[in-house]
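Analysis of the macromolecular model
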Amino acid sequence: MNHSTIQIRLAFIFCKSLIREAWQSPQKSELLGQHPVSCQLGKILLRIADENPELQDHGLLELITLHNRLHEQLNNLPNTFNPGAISDNLIQANPHESLFIRMEELVVKLEEFIGEKEIELSDHTDLTEYSAEQLKTFLLTIDQHLSAKVQELETHKRISQLKDTGLRSIVEQAPFGIAILSGTDMIVAMANKVYLKIVDRKATEFIGRSLYQSLPEVKERIDPILQQISKTGVPFYGNEFEVMLSRFGKTAKSYFNFVYQPLFEADGSIHRIMVVAVDVTQQVVARHQLLESEQQFRNMVTNSPIAMTIFRGNDWEIEMANQTMLEKVWRRELSTVQGRKLLEVFPELNDQRFPALLRRVETTGEPHRESEAMAFVEGDDGLKKFFLDFEYAPLFGKDQSIEGLMVSVYDVTEKVEARNQIQDAEKKYRNLIDSLPIAVYTTDANGFIDLYNQAAAELWMYTPETGKVRWGASKALYYTDGSKVERENSPVAKTLRNEKQPPTELIIERHDESKRHVIVYPQARYAADGKINGTLNVLIDITDRIQAEKELRLSEERFRVLADAMPQLIWTADASGSVNYYSQTFYDYCGLTYEEIKGGGWVVFIHPDDLAGNIEAWSESINTGKPYYFEHRFRRYDGEYRWQMTRAIPLKDENGSVRLWVGTSTDINDRKLFIDQLELQVHQRTIELKHANEELIRSNNELSQFAYVAGHDLQEPLRKIQTFISYIQRVDEANLSATGKNYFERIHSSAWRMQQLIIDMLTFSQVNNNQRHFESVDLSRVIANVKAQIHESIEDKKAKVVVGQLPVIRAVFFQMEQLFTNLLSNALKFARKDVTPVIEISATAVDAKDVAGSDAVLKQYVKIEVKDNGIGFDPQFKQKIFQVFQRLHTREEFEGTGIGLAICKKIVENHEGFIHAEGKPDEGSIFTIYLPS
């Protein structure tokens, strides 16, 4: 170190010492008013700059500038300033120290440069004026001064630390978060416990690290704010500031009230920012939830199907009303009622009791509810009457005072009017029953009479007291064979037990001990839940009709005896032309019974070539009432057709209307053959054709017998297969592998299916058999038998079979059973899953022209519909399903052989009828059958 560098170093030490002393005790310093050029360091630096311009680029100018700034700050220092009052953690204790550090760096740099260049300063310096002894004394004085200052600074440091500790304690105990961010990277220099809790971080992993390293999710929103503060020095205040923050195990919206306060350095720069934050997330979320709850409440009111409105104030100002209230009750637009007083909008309420009820709820704070209250409301469409279920409820404020009223209204006008209509209908119903000329009475669920008409009282010859007499009011009840009917087994009692009761003929003993022959029609009455809650009973007195029928039968018997004694074929017909009687000579001639003739009429025995002319002539007589005359051929019991001359004379009543036709047929075959030999040839051809038909019938019968015998023989080995398989499965089950068991199950299943196929084929062959015994068949009895046969299937499916009124027809009884068994079984088998099967059977009479898709030749048919709600089928398969072995589903889906509907079709064709099917997938099927009536 040369002389020049020593001068610079001593001047720098001297300047630094004095400035520090002035900073600590500014009121004592004699340098307060001193200009920087009066300072020894200032003089040296200026002289160096003047004598050595080349040093100006080596930090000399910056050193002079920093030295001048020191003196300016020192001159501006207030006399009362106490630097120990502020902690170094919040603001630097001596702002000059940072300048001294930089000046130290520049002095070292200047000393090195002067030493390398061996630059010597001129001798005109204040330092050179002192002798060595004086310089020594000066340095000792400085050393003593500095030692004293060091001790003083140590004392101030300890005091500052104590004060800093107190300040830290205050910061740590603050009820809000405090942190200090330092540098451009926003290093967390300090953070109290509240702040660490807010960000959910530990001090070790938060303090000393960048804010964005610990909380990367906040950088996008916070960094622009902090950067702006660093540039402008303007604090930033955030109120309920929203930020996505990862804490407490999840990332969620958080809300804070905070202040970002810049901390200025001595040179006016900003290197640190103080953060004061309060977490208001719970308050904001609670307020949002409250607002959302209020909005949901308003939405609920607005969208409610129940009419609702809210009144505010003592005058019941309409605050809001939902659309239901506006449209259904008030019939007004919202703009015409909102904000207005209730009684101004609806003055008609002044004359009704609702304002008084509102005032009572407003006064007592107790809700008021009513049902079916009558109200009159004036809307845009005029005054309208309502029946309303309503509630007035008070709305309480925070202080539990009543701030308003909520009104909920449910319009039950339709229900009340419907009930009134039902009551009116019941009254009309009672009046109607009482006015009926036939006996009608009803019972409750326990069988006690609760209503009866005058005709019933006259029939019983007794006036019963309602609710006291059970089952019926006759003195006694008998079957037509004379056996007594117990009251518990009467038609009414059975109907209440849900036992179907058809119309029944009984004998009742009246209270005057006379007896009457009646037909009883009991019908169950059902409650809304489907349970029987009573009966409706009709009693038709047929005593006079029975007596008249007896007399008529006696007269008819005399006529039959006379007719049977005559050689001619005698027959009678009603006014419509339907033959209702044949003499015995007629049956002896044709070899047929009445039932066999009744099914087809004259078609059965009249020669086909004569049929059209016969029908035409007979129709003309029926339409005109003129006597009937026609010559035609009747088939005799031996198959021979013989010519008959038939005449019919109408018997008319006093009004000239035909009541009865009496006809005779006389054999004129010999005369007819003598006249026309050609008829003989035609007759011969007819006989040959007859023989051919008989041969074909015999052949078909033999083939049918062969199929039947073969079917039985085929079943025998199948039964043995099934027996031995069952035996092996039972005895050797333990010795069979899983594969073997599977094979045996498959063999058993295949054998069962083949057996079922044989049974169905046998059934089909029997239906083809020409031996058909037609008789009068009551279809209601047929359905009853079928339901009994498939009772288990009906119960298993929980199916409902609804049967309407069915007629009596000419048919083969067992074939009718087979027909409806197949149709009902099909409906149960093809039921939809999770849907209760409902099968409806109904019948109506139709003309031939109304028989759909057929060439019906007979006049009258019975149309029978079997309707189900099963899986249905594609309409394109409505013809295919009647073909033998045709299936619309796999065997795995539904069991069966595909013959059942083919059998149904054959049975209907055997009865000269027609069958059609209609269906829709997943909607059900309708099978329509037309049979001659």
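1. Digging into the overall build of the protein chain
Broken down by element type, the protein chain carries 26 helices and 28 strands. Counting the 933 residues in the protein chain, one finds 39% classified as buried. The contacts in the protein chain between residues at least 6 apart in sequence include a share of 56% that link residues at least 24 apart. Accessible surface, the protein chain: about 53400 Å² in total, of which carbon and sulfur atoms supply 53%.

2. A word on the pattern of salt bridges
Applying the stated criterion across every chain yields a total of 27 salt bridges. Close ionic contact of Glu-372 with Arg-419 constitutes a salt bridge, the shortest N to O distance being 2.8 Å. Remark: Arg-419 occurs in helix α13 (residues 413-435) and Glu-372 occurs in strand β8 (residues 368-379); sequence separation between them is 47 residues. Classification of Glu-372 as partly exposed rests on a relative accessible area of 28%. Between Arg-636 and Asp-638 there is a salt bridge, with the nearest N and O atoms lying 2.8 Å from each other.

3. Quick look at the environment of Phe-256
Residue position: Phe-256 is located in strand β4 (residues 250-264). Separated by 25 residues in sequence, Phe-256 and Thr-281 have C-alpha atoms that sit 6.6 Å apart.

4. A short note on unusual backbone geometry
Non-glycine residue Phe-248 carries a positive phi angle of around 55 degrees. If you trace the backbone, Phe-248 turns up in the loop between β3 (236-247) and β4. If you check the backbone angles, Glu-912 has positive phi at about 60 degrees while not being a glycine. Checked against the element boundaries, Glu-912 lands in the loop between α26 (900-910) and β27 (914-920).

5. Considerations on the nonpolar core
Leu-779, Met-816, Leu-819, Phe-820 and Ile-864 are the most contacted members of the largest nonpolar core, which totals 40 residues. Elements that contribute at least two residues to this core include exactly α23 (779-789), β24 (808-811), α25 (813-829), β25 (838-847), β26 (860-868), α26, β27 and β28 (924-932). Here this core gets eight residues from one element, more than from any other, and that element is α25. Once you skip the residues sitting within four places of it in the chain, Leu-779 turns out to touch Leu-806, Pro-807, Ile-809, Met-816, Phe-820 and Ile-864.

6. Regarding the pairing of β25
As judged from the four bridges shared by strand β23 (residues 800-803) and β25, these two strands associate in the parallel manner. Across the sheet, residue Val-802 finds its bridge partner in β25, namely Glu-840. As judged from the nine bridges shared by β25 and β26, these two strands associate in the antiparallel manner. Residue pairing in the sheet places Ile-839 in a bridge with Asp-868 of β26.

7. Quick word on the packing of aromatic side chains
In this description, a pair of aromatic rings is defined by centroid distance and the angle of the planes. All told, the structure shown has 21 aromatic pairs when counted by the stated rule. For the ring pair Tyr-452 and Trp-460, a centre distance of 6.2 Å and an interplane angle of 55 degrees mean the geometry is tilted. The exposure class of Tyr-452 is buried, given its relative accessible area of 19%. Residue classification places Trp-460 among the buried residues on the basis of a relative accessible area of 1%. Each member of the aromatic cluster is reached from another via a ring pair, and the members are Tyr-582, Phe-586, Tyr-587, Phe-605 and Phe-634.

8. With respect to the environment of Val-234
Relative to the helices and strands, Val-234 resides in the loop between α8 (219-232) and β3. Sequence separation between Val-234 and Gln-261 is 27 residues, and the spatial gap between their C-alpha atoms is 7.7 Å. What Val-234 contacts, discounting residues up to four positions off in sequence, is Ile-229 and Pro-262.

9. Some thoughts on the sheet that holds β26
Spatially, the five strands line up as an open sheet ordered β23-β25-β26-β28-β27, and their pairing is mixed. Edge positions in the open sheet fall to β23 and β27, since each of these has one partner strand only. Neighbour-to-neighbour, the strand axes of the sheet open up by a mean angle of 15 degrees, direction not taken into account.

10. Side note on the confidence of the model for the protein chain
Residue-level pLDDT values for the protein chain average 78, and 76% of them are 70 or greater. This model gives residues 78-93 a pLDDT under 50, and the stretch forms 31 contacts once residues within four places in sequence are excluded.

11. Topic: the sheet that holds strand β11 (residues 439-444)
In spatial order, the strands read β12-β11-β16-β15-β14-β13; together these six strands make up an open sheet with antiparallel pairing. The sheet terminates laterally at β12 (449-452) and β13 (476-479), the two strands that pair on one side only. With strand direction ignored, the average angle separating the axes of adjacent strands in the sheet is 35 degrees. Relative to β12, α13 is tilted by about 65 degrees, and along the sheet it contacts β11, β12 and β16 (532-541).

12. A short note on helix α19 (residues 608-624)
End to end, α19 covers 25 Å across 17 residues, agreeing with the expected 24 Å (1.5 Å per residue, within 8%). Every buried residue of α19 is accounted for by Asp-610, Asn-614, Ala-617, Trp-618 and Ser-621. The inward-facing, buried residues of α19 abut β17 (569-573), β19 (628-635), β20 (641-652) and β21 (658-667). Once α19 finishes, Gly-625 follows within two positions and takes phi at roughly 80 degrees, a positive value.

13. Points about the packing of α23 against α25
Interhelical geometry of α23 versus α25 gives an angle of 55 degrees and a closest axis separation of 9 Å. What the angle tells us is that α23 and α25 run oblique. The way α23 lies across α25 gives a crossing that is right-handed. Across the interface between the two elements, Leu-779, Arg-781, Val-782, Ile-783, Asn-785, Val-786 and Gln-789 of α23 pack against Phe-813, Met-816, Glu-817, Phe-820, Thr-821 and Leu-824 of α25. Residues of the contact of α23 with α25, tallied by class, amount to eight nonpolar, three polar and two charged.

What counts as what
- Residues numbered from 1 in each chain as written.
- Predicted model: local features only at pLDDT ≥ 70, side-chain atom pairs only at ≥ 80, totals over all residues.
- Heavy atoms only, no water.
- Helix = DSSP H or I, 4+ residues; strand = E, 2+ residues; numbered from the N terminus.
- Buried < 20%, exposed > 50% of the residue type's maximum accessible area, 1.4 Å probe, protein only.
- Contact = heavy atoms within 4.5 Å.
- Areas by Shrake-Rupley, 256 points an atom, 1.4 Å probe, with all protein chains shown as cover.
- Salt bridge = Lys/Arg side-chain N within 4 Å of Asp/Glu carboxyl O.
- Core = buried A, V, L, I, M, F, W, Y, C linked by side-chain atoms within 4.5 Å.
- Pairing = 2+ DSSP bridges.
- Phe/Tyr/Trp six-rings, centres within 6.5 Å; stacked < 30°, edge-to-face > 60°.
- Axes fitted to C-alpha atoms, helices over the stretch in contact; angles between N-to-C directions.
- pLDDT = per-residue confidence, 0-100.
- Expected span 1.5 Å × (residues − 1).
- Parallel < 35°, antiparallel > 145°, perpendicular 65-115°, else oblique.
- Left-handed = near helix turned anticlockwise from the far one by under 90°.
- Nonpolar A, V, L, I, M, F, W, Y, C, P; charged D, E, K, R; others polar.

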